[in-house]
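So you can see what is in the structure, the chains are spelled out below.
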Amino acid sequence: QAKIEHIALNIPNIPHESVAIGSDESQNVELKIFGTPRVFDFDIKDHIALGERHNWLDAEAGAKLSGSRFTVLRGQLARLHRALAQFMLDLHTEVSGYTEVDPPMLVKDAAVYGVGQLPKFAEDMFRTDNGFWLIPTAEVSLTNLVNDMVLDEKDLPLRFTAFTPCFRSEAGAAGKDTRGMIRQHQFPKVELVSIATPEQSEA
């Protein structure tokens, strides 16, 4: 039984048949374009340059407090960050019928195994010295709300949304995508989870 469980836990999710097969992003398939890309008559600055110019984004302070891959947001950027999360939560709950949840950010082994994060992504997560895991995404907590439960099909789909910090060690990540607000050890995110039957899943 232990061998079977070990094998099962190491089998990744199988991509949907509609997913394009390719070796890298150059083989991605473009399905739809919305609008027309804007053309600017000046050099476009990235979020790091803009953030530093206005003192909104402070990697130095983040490093002083916590080390690399932490960033302090200030002023209007911190306010925008908060406003976007509030807007998305209101949209999902008031328009799309999701139930807002404020879940734990520390979870037990079973919860992380339950969504397939363990054993494969153990090195990408943070673990406390008393056996909890910091969630890499609110999906872990939201999905496990119904773990080990028998649900009545007429009550499905259940739709949950949450705004939480997410914690990832980003083991092995390197290069240009580790600067600014990308590939951080801690970042907030609004998550959506639907608990549905296989027949409802694609919709």
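For the structure itself, look to the data block above.
None of the values given here were measured: they were computed from a predicted structure.

What follows concerns the overall build of the chain. A count of helical and extended segments in the chain gives 7 helices and 7 strands. Along its sequence from the N terminus, the chain presents helices and strands in the succession α-α-β-α-β-α-β-β-α-β-α-β-β-α. Out of the 203 residues in the chain, the part that is buried amounts to 24%. In the chain, 65% of the contacts between residues at least 6 apart in sequence involve partners at least 24 apart. Here the chain displays about 15,000 Å² of accessible surface, and carbon together with sulfur accounts for 54% of that area. The centroid of the 20 positive side-chain charges in the chain is displaced by 6 Å from the centroid of its 29 negative side-chain charges.

Inspection of the sheet shows strand β3 (residues 99-100) paired to strand β6 (residues 158-167) by 2 bridges, in the parallel sense. Of the residues in β6, the one forming a bridge with Glu100 is Thr161. Across 10 bridges, β6 lies against strand β7 (residues 186-195) in antiparallel orientation. Counted as the bridge partner of Phe163 is Val190 from β7.

Here we take up the environment of Trp133. When you line up the elements, Trp133 lands in strand β5 (residues 133-134). Sequence separation of Trp133 and Asp109 is 24 residues, and the distance between their C-alpha atoms is 7.2 Å. In contact with Trp133, not counting residues within four places along its chain, are Met105, Leu106, Val107, Lys108, Asp109, Val112, Leu118, Ala122, Met125, Phe126 and Arg127. A polar side-chain atom of Trp133 sits 2.7 Å from a polar atom in the side chain of Asp109.

A separate point is the packing of aromatic side chains. Evaluated as defined, the whole model comprises 1 aromatic pair. Pairing Phe40 with Phe42 gives two aromatic rings, centres 5.4 Å apart and planes at 55 degrees, and the pair type is tilted.

This part is about a nonpolar patch on the surface. A surface patch of nonpolar side chains, amounting to about 320 Å² of accessible area, comprises Phe40, Phe42 and Ile44. Structurally, Ile44 is set in the loop between α1 (2-9) and α2 (47-53). Residue class for Ile44 comes out exposed when judged on its relative accessible area of 62%.

Attention now goes to helix α4 (residues 75-95). Along its 21 residues, α4 runs 30 Å from first to last C-alpha, staying within 8% of the 30 Å computed at 1.5 Å per residue. Taken residue by residue, α4 has Leu77, Ala85, Leu89 and His92 as its buried positions. One side of α4 carries all its buried residues, which in axial view fall inside an arc of 115 degrees. Residues of α4 that are exposed and point more than 90 degrees away from the buried face comprise Gly75, Gln76, Arg79, Glu94 and Val95. Tucked inside the fold, the buried residues of α4 contact β1 (57-58), β2 (72-73), β3, β6 and β7.

A separate point is the side chain of Thr164. Along the polypeptide, Thr164 turns up in strand β6. For Thr164, a relative accessible area of 1% gives the class buried. Beyond its immediate sequence surroundings of up to four residues, Thr164 is in contact with Pro103, Met105, Ile135, Ala138, Phe187, Pro188 and Lys189.

Conventions we followed
Residues numbered from 1 in each chain as written. Predicted model: local features only at pLDDT ≥ 70, side-chain atom pairs only at ≥ 80, totals over all residues. Heavy atoms only, no water. Helix = DSSP H or I, 4+ residues; strand = E, 2+ residues; numbered from the N terminus. Buried < 20%, exposed > 50% of the residue type's maximum accessible area, 1.4 Å probe, protein only. Contact = heavy atoms within 4.5 Å. Areas by Shrake-Rupley, 256 points an atom, 1.4 Å probe, with all protein chains shown as cover. Lys, Arg positive; Asp, Glu negative; His and termini not counted. Charge placed at Lys NZ, Arg CZ, Asp CG, Glu CD. Pairing = 2+ DSSP bridges. Polar contact = N/O pair within 3.5 Å; in protein donor to acceptor, adjacent residues only side chain to side chain. Phe/Tyr/Trp six-rings, centres within 6.5 Å; stacked < 30°, edge-to-face > 60°. Patch = residues over 30% accessible without salt bridge, like charges linked within 9 Å, V, L, I, M, F, W, Y side chains within 5 Å. Salt bridge = Lys/Arg side-chain N within 4 Å of Asp/Glu carboxyl O. Expected span 1.5 Å × (residues − 1). Arc of directions from axis to C-beta.

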